[in-house]
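The residues making up each chain are set out below.
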Amino acid sequence: MVRLSKIYTKVGDAGTTMLGDGKTVPKEDPRVEAYGTVDEANAALGLVVAQMTHPAEIRAELVRIQHDLFDVGADLCVPIEPGEEPGKRLRIIPEQVQRLETLIDRYNEPLAPLNSFVLPGGTALSSHLHLARTVVRRAERLVAALLHAEPRKTNAQSMIYLNRLSDLLFVLARVLNNQGKDDVLWKPGANR
């Protein structure tokens with residue numbers, strides 16, 4: 001369990017930070033960039049949750065996802081050790097990804113198919129979901145780079161989770177745009 005009794009430690013004053021395993025690394029370390037961007041995505045999602053009163057079911061799912069994003073961050077901040085026993089560390093598991101896929105299918109099913117890309121916009125909540133989606137996509141790219149650099153030390157399920165989450169946020173942005181009826185569609189070359 002986490003216990004924070006002191007907020008500032010001065011450890012970062014020299015441009016370094018400590019991973020979850022106690023190793024000190026530069027703040028620009030790819031692992032720190034990855035879990036830091038996951039934290040940023042969580043904050044962007046928090047803006048949506050703070051403004052949303054209904055639908056209560058979607059709000060509850062977003063709060064649940066915020067907890068998962070802390071799990072992703074915890075997973076990323078502790079590199080996988082050689083021979084690490086399953087369950088020793090908090091790691092993203094396939095069931096968390098499956099839950100997102102179930103939500104995507106449920107919320108996407110009643111939406112009309114798209115004939116163009118959707119511009120971020122429509123309602124304020126939809127726009128904030130699009131912003132959160134793009135931050136999740138950036139986190140996903142950073143985790144992909146981390147997986148490329150340290151494949152044995154990084155849980156691939158973290159990247160898969162982020163990939164599905166960005167898809168879910170896209171679908172939910174459409175749901176919050178009057179079930180897609182108020183989506184703003186891209187018109188290629190409209191301003192030529």
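For the structure itself, consult the block above.
Residues numbered from 1 in each chain as written. Predicted model: local features only at pLDDT ≥ 70, side-chain atom pairs only at ≥ 80, totals over all residues. Heavy atoms only, no water.

(A) Region of interest: the packing of helix 3 (residues 94-108) against helix 5 (residues 156-175). For the pair helix 3 and helix 5, the least separation of the axes is 9 Å and the interaxial angle reads 20 degrees. Looking at the two axes, helix 3 sits roughly parallel to helix 5. The two elements helix 3 and helix 5 meet at a crossing, and its hand is left-handed. For the pair helix 3 and helix 5, the contacting residues are Pro94, Gln96, Val97, Arg99, Leu100, Glu101, Leu103, Ile104, Tyr107 and Asn108 in the first and Gln157, Ile160, Tyr161, Arg164, Leu165, Asp167, Leu168, Val171, Leu172 and Val175 in the second. Among the residues making up the contact of helix 3 with helix 5, the classes are represented as 13 nonpolar, three polar and four charged. (Axes fitted to C-alpha atoms, helices over the stretch in contact; angles between N-to-C directions. Helix = DSSP H or I, 4+ residues; strand = E, 2+ residues; numbered from the N terminus. Parallel < 35°, antiparallel > 145°, perpendicular 65-115°, else oblique. Left-handed = near helix turned anticlockwise from the far one by under 90°. Contact = heavy atoms within 4.5 Å. Nonpolar A, V, L, I, M, F, W, Y, C, P; charged D, E, K, R; others polar.)

(B) Layout of the packing of aromatic side chains. Inspection of every chain in the model, using the stated rule, returns one aromatic pair. A ring pair is formed by Phe117 and Trp186, whose centres lie 5.8 Å apart and whose planes are at 45 degrees; its orientation type is tilted. Placement of Phe117 in the loop between helix 3 and strand 3 (118-119) and of Trp186 in the segment after strand 4 (184-185) is noted, with a sequence separation of 69 residues between them. For Trp186, a relative accessible area of 40% translates into the label partly exposed. (Phe/Tyr/Trp six-rings, centres within 6.5 Å; stacked < 30°, edge-to-face > 60°. Buried < 20%, exposed > 50% of the residue type's maximum accessible area, 1.4 Å probe, protein only.)

(C) Main features of the side chain of Asn177. Following the sequence through the fold, Asn177 ends up in the loop between helix 5 and strand 4. One polar contact links the side chain of Asn177 to the main-chain carbonyl oxygen of Gly121, over a distance of 3.1 Å. Side chain to side chain, Asn177 and Asp183 meet in a polar contact 3.2 Å long. Every residue in contact with Asn177, bar those within four places of it in the chain, is listed here: Gly121, Gly122, Thr123, Ser126, Asp182 and Asp183. (Polar contact = N/O pair within 3.5 Å; in protein donor to acceptor, adjacent residues only side chain to side chain.)

(D) Geometry of unusual backbone geometry. The peptide bond linking His54 to Pro55 adopts the cis configuration, its omega dihedral lying at -5 degrees. With respect to the secondary-structure elements, Pro55 resides in the loop between helix 1 (30-51) and helix 2 (56-76). Despite not being glycine, Asn178 has its phi angle at roughly 55 degrees, a positive value. Among the structural elements, Asn178 can be located in the loop between helix 5 and strand 4. Judged by relative accessible area, which is 41%, Asn178 ranks as partly exposed. Of note, the phi angle at Gln179 is positive, near 55 degrees, even though the residue is not glycine. With respect to the element layout, Gln179 can be found in the loop between helix 5 and strand 4.

(E) Molecular detail of the pattern of salt bridges. Applying the stated criterion across every chain, the model contains 12 salt bridges. One salt bridge connects Arg31 with Glu150, and the closest N-O pair in it is separated by 2.7 Å. Here Glu150 lies in the loop between helix 4 (124-149) and helix 5 and Arg31 lies in helix 1, a separation of 119 residues in the sequence. A relative accessible area of 26% means that Glu150 is categorised as partly exposed. When the shortest N-O distance is used, the salt bridge between Lys88 and Glu81 registers 3.2 Å. For Lys88, a relative accessible area of 48% gives the class partly exposed. We classify Glu81 as partly exposed; its relative accessible area is 30%. Each of Asp75, Glu84 and Arg91 takes part in a single network of salt bridges with overlapping partners. (Salt bridge = Lys/Arg side-chain N within 4 Å of Asp/Glu carboxyl O.)

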